[in-house]
Amino acid sequence: MFAVVKTGGKQYKVAVNDVVTIEKLPGEAGAVINFEEVLMAGDDKGLQVGSPLLSGVPVTGEILEQTRGDKIIVFKKKRRHHYRRRNGHRQDLTVVRITAIGDVKAEAKPKKAAPKKAAKAAAEE
């Protein structure tokens, strides 16, 4: 199942277990957030389109981290007027894992077994 959510003035197509980087949202790592503006949802059975928003299909996610984007340089110049301005900008971002769309929830990932070399070394000690 997938959904199209609107946050930070942008629209994102998300599915369960997707990790998306979006404009900064309030909250610490591990916090659960709900996306209120769901524009569309669909699966193999069909498609639901809101006008403009869709109700009854909650999209929830978990904040993984608060980070900042790459630095961009803003350079302004007017030729022949000795006017130059240089400025930098780093956008605040939030990394979110989508945990549920509607009634579809993320399944817990099985833990990986220890590597064979490490397991042999631990058994020998």
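Scroll up to find the structure this text is about.
Each chain carries its own residue numbering, running from 1 in the written order of its sequence. The predicted nature of this model means local features are confined to residues of pLDDT at least 70 and side-chain atom pairs, given and counted, to a pLDDT of 80 or more, with totals for whole chains, interfaces and linings taken over all residues. Side-chain figures throughout are based on the complete set of non-hydrogen atoms in the structure, without hydrogens or water.

Caption draft 1: The arrangement of the overall build of the chain in detail. When helices and strands are counted, the chain shows one helix and 11 strands. The linear arrangement of helices and strands in the chain, starting from the amino end, is β-β-β-β-β-β-β-β-β-β-β-α. When the 125 residues of the chain are sorted by exposure, 24% land in the buried category. Residue pairs at least 24 apart in sequence account for 64% of intrachain contacts in the chain once pairs closer than 6 positions are excluded. Only DSSP runs of H or I covering at least 4 residues are called helices, and only runs of E covering at least 2 are called strands; the numbering of each starts at the N terminus. Here the term buried applies to any residue with accessible area under 20% of the maximum for its type, exposed to any over 50%, and partly exposed to those in between, with areas from a 1.4 Å probe on protein chains only. The criterion used for residue contact is that any of the two residues' heavy atoms lie within 4.5 Å.

Caption draft 2: Geometry of the pattern of salt bridges. Salt bridges, as used here, are contacts in which a Lys or Arg side-chain nitrogen is within 4 Å of a carboxyl oxygen on Asp or Glu. Following the criterion strictly, the structure yields two salt bridges and no others. Salt-bridge contacts for Lys10 lead to Glu23; the nearest nitrogen and oxygen are separated by 2.7 Å. Of this pair, Lys10 sits in strand β2 (residues 10-15) while Glu23 is found in strand β3 (residues 19-23), placing the two residues 13 residues apart along the sequence. When its relative accessible area of 37% is taken as the criterion, Lys10 is described as partly exposed. The partner of Arg68 in a salt bridge is Asp92, and the shortest N-O contact between them spans 3.2 Å.

Caption draft 3: Structural view of unusual backbone geometry. Pro52 follows Ser51 through a cis peptide bond whose omega is 0 degrees. Its place among the elements puts Pro52 in the loop between β6 (47-49) and β7 (59-68). Even without being a glycine, Asn17 presents a positive backbone phi close to 75 degrees. Among the secondary structure elements, Asn17 is positioned in the loop between β2 and β3. One non-glycine residue, Arg80, adopts positive backbone phi at about 65 degrees.

Caption draft 4: Structural context of the sheet that holds β2. Being paired, for any two strands, means DSSP has found at least two bridges between them. Pairing is antiparallel in the open sheet, where four strands are placed in the order β2-β1-β5-β6. Two strands lie at the open edges of the sheet, namely β2 and β6, each paired on one side alone. Geometrically, the sheet is characterised by an average inter-axis angle of 15 degrees between neighbouring strands, direction not taken into account. Of the strand pairs in this sheet, strand β1 (residues 2-7) and β2 are connected by six bridges, and their pairing is antiparallel. From the neighbouring strand, Phe2 faces β2, where its bridge partner is Ala15. Note on method: axes are straight lines fitted to C-alpha atoms, helices fitted across the in-contact stretch only, with angles between N-to-C directions ranging 0 to 180 degrees.

Caption draft 5: Spotlight on the pairing of β1. Where β1 hands over to β2, the hairpin turn is made up of two residues, of which Gly8 adopts a positive phi near 65 degrees. With four bridges connecting them, β1 and strand β5 (residues 38-42) associate as antiparallel partners. Residue pairing for β5: Val5 is matched across the bridge by Val38.

Caption draft 6: Representation of the nonpolar core. Residues belong to one nonpolar core when they are buried, are Ala, Val, Leu, Ile, Met, Phe, Trp, Tyr or Cys, and are joined through side-chain atoms within 4.5 Å. Core analysis: the largest hydrophobic core is formed by 18 residues, its most contacted members being Val14, Phe35 and Val59. In terms of residues, this core owes the most to one element, strand β10 (residues 92-101), which gives three residues.

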